[in-house]
Amino acid sequence: MPKNMNTPGHSRLTKLNKLTKQHKIALAGVATLGAAALAFSAVPSDAGTTTSDAASSAHVAYSTEPIKGVKASVTDQLAGASVKTEAIQAKADAKAKAAKAKGDAAAAKKKAAAEAAAKKKAEAARKAKKAASRSTQRVKIQPVAATTYSNNLNGWINHALAIMKQKGIPGSYNGLYKNIMRESSGNPSAINGWDVNAVNGTPSIGLLQVIQPTFNAYHVSGTSTSIYDPVANITAAANYAADRYGSIDNVNSAY
């Protein structure tokens, strides 16, 4: 039968090696508590109080310090958020203020333009009214006197010249006068009953001895339609002479 080679010491070592991890942790804890108890019993009573107080104080300091840091951090974050909010609000207020200022400026500019236009219109109306008033005053102060002509050869010639000037018919006082005196001696009712025109049934009539067809063709508007009217007779004859000879001034014989 073989001998038992295990000695008592070796047997205990083997048992210790077979301890579980939990057992080892438990043994370590017991060892730690024992060391702490031994240290506590070795300190005097008054020193124990101090150590306890210091430990208590150290414990409080350890536990409150992180809380203070967290509180400070939260406060800083809130303060930062508040500053950011205020900055955003200030920026929004500034933008709104700038927009309002721009709108007010545009409204003021539009109002000023409208007032300027109204003022300009009123000034134009005032000037027009003033000009019309001056025109009326001129008419009242300087009335146009109606021209009157004497009922004789001189008056007839001058009246005919005024109409001829308006109508653009050439001729002078002397040109009319010399032809009138040669043709009718200044008699507006003179009739030629012996020349070829009379033979043909259209005798020469009036101051410048005009036949009826010629009078009708060269009648000047605004004058009488009667061939015996002195002014109508002169202007029609002068109109015919201007068409045929360039001017009554160029006629020096029967025409």
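Structure report, in brief. Per chain, residue numbering runs from 1 following the sequence as it is written. Owing to the predicted nature of the model, reporting of local features is limited to residues with pLDDT of at least 70; listing and counting of side-chain atom pairs is limited to 80 or more, with chain, interface and lining totals taken over all residues. Hydrogens are left out, water is left out, and the side-chain values use all remaining heavy atoms of the structure.

This part is about the overall build of the chain. The helix and strand inventory of the chain stands at eight helices and two strands. Starting at the N terminus, helices and strands are each numbered in turn, a helix being any DSSP run of H or I of at least four residues and a strand any DSSP run of E of at least two. Each helix and strand of the chain, placed in order from N terminus to C terminus, yields the pattern α-α-α-α-α-β-α-β-α-α. Only protein chains enter the calculation, and the probe is 1.4 Å; a residue is then buried if its accessible area is under 20% of its type maximum, exposed if over 50%, and partly exposed in between. Expressed as a percentage of the 255 residues in the chain, the buried residues total 19%. The long-range share in the chain, meaning contacts at least 24 apart out of those at least 6 apart in sequence, stands at 49%. In short, Shrake-Rupley with a 1.4 Å probe defines the accessible areas, and a residue's cover is counted only from the protein chains shown. Accessible surface, the chain as shown: approximately 18,800 Å² in total, 61% of it carbon and sulfur. We call two residues in contact when some of their heavy atoms are within 4.5 Å.

Moving on to the packing of helix α4 (residues 153-167) against helix α5 (residues 173-183). One can describe the packing of α4 onto α5 by two numbers: an axis separation of 10 Å at closest approach and a directional angle of 130 degrees. It follows from the interaxial angle that α4 and α5 lie oblique. In this structure, α4 meets α5 at a crossing whose hand is right-handed. For the pair α4 and α5, contact is made by Leu153, Asn154, Ile157, Asn158, Leu161 and Met164 and by Tyr173, Leu176, Tyr177, Ile180 and Met181, respectively. Classes in brief: Ala, Val, Leu, Ile, Met, Phe, Trp, Tyr, Cys and Pro nonpolar; Asp, Glu, Lys and Arg charged; the others, Gly included, polar. Each residue belonging to the contact of α4 with α5 can be placed in one class, and the counts come to nine nonpolar, two polar and no charged. To obtain each axis, a line is fitted to C-alpha atoms, and for helices this fit is confined to the stretch in contact; angles are then taken between N-to-C directions over 0 to 180 degrees. To sort the angles, those under 35 degrees are grouped as roughly parallel, those over 145 as roughly antiparallel, those from 65 to 115 as roughly perpendicular, and the leftovers as oblique. Handedness of a crossing follows from how the near helix is turned relative to the far one, being left-handed for an anticlockwise turn of less than a right angle and right-handed for a clockwise one.

On to unusual backbone geometry, then. At Ser185, a position not held by glycine, the phi torsion is positive, near 60 degrees. Within the secondary structure, Ser185 sits in the loop between α5 and β1 (191-192). Residue class for Ser185 comes out exposed when judged on its relative accessible area of 57%. Look at Gln209: it is not a glycine, yet its phi comes out positive at around 50 degrees.

A separate point is α4. Structurally, the α-helix is built with 3.6 residues per turn, so residues lying three or four positions apart point the same way. What a helix is expected to span follows from its residue count: subtract one and scale by 1.5 Å. Across its 15 residues, α4 extends 21 Å between first and last C-alpha, which sits within 8% of the 21 Å expected from 1.5 Å per residue. On its buried face, α4 sits against α5 and α8 (230-245). Polar contact is the term for a pair of N or O atoms within 3.5 Å; when the atoms are in protein, one must be able to donate a hydrogen and the other to accept it, and sequence-neighboring residues count only if both atoms are side-chain atoms. Regarding α4, its N-cap is Asn152, as a side-chain oxygen of that residue lies 3.2 Å from the backbone nitrogen of Asn154 further along. Where α4 terminates, the next one or two residues include Gly168, which has phi positive at roughly 80 degrees.

So far we have only geometry, and geometry alone does not tell us how the molecule works.
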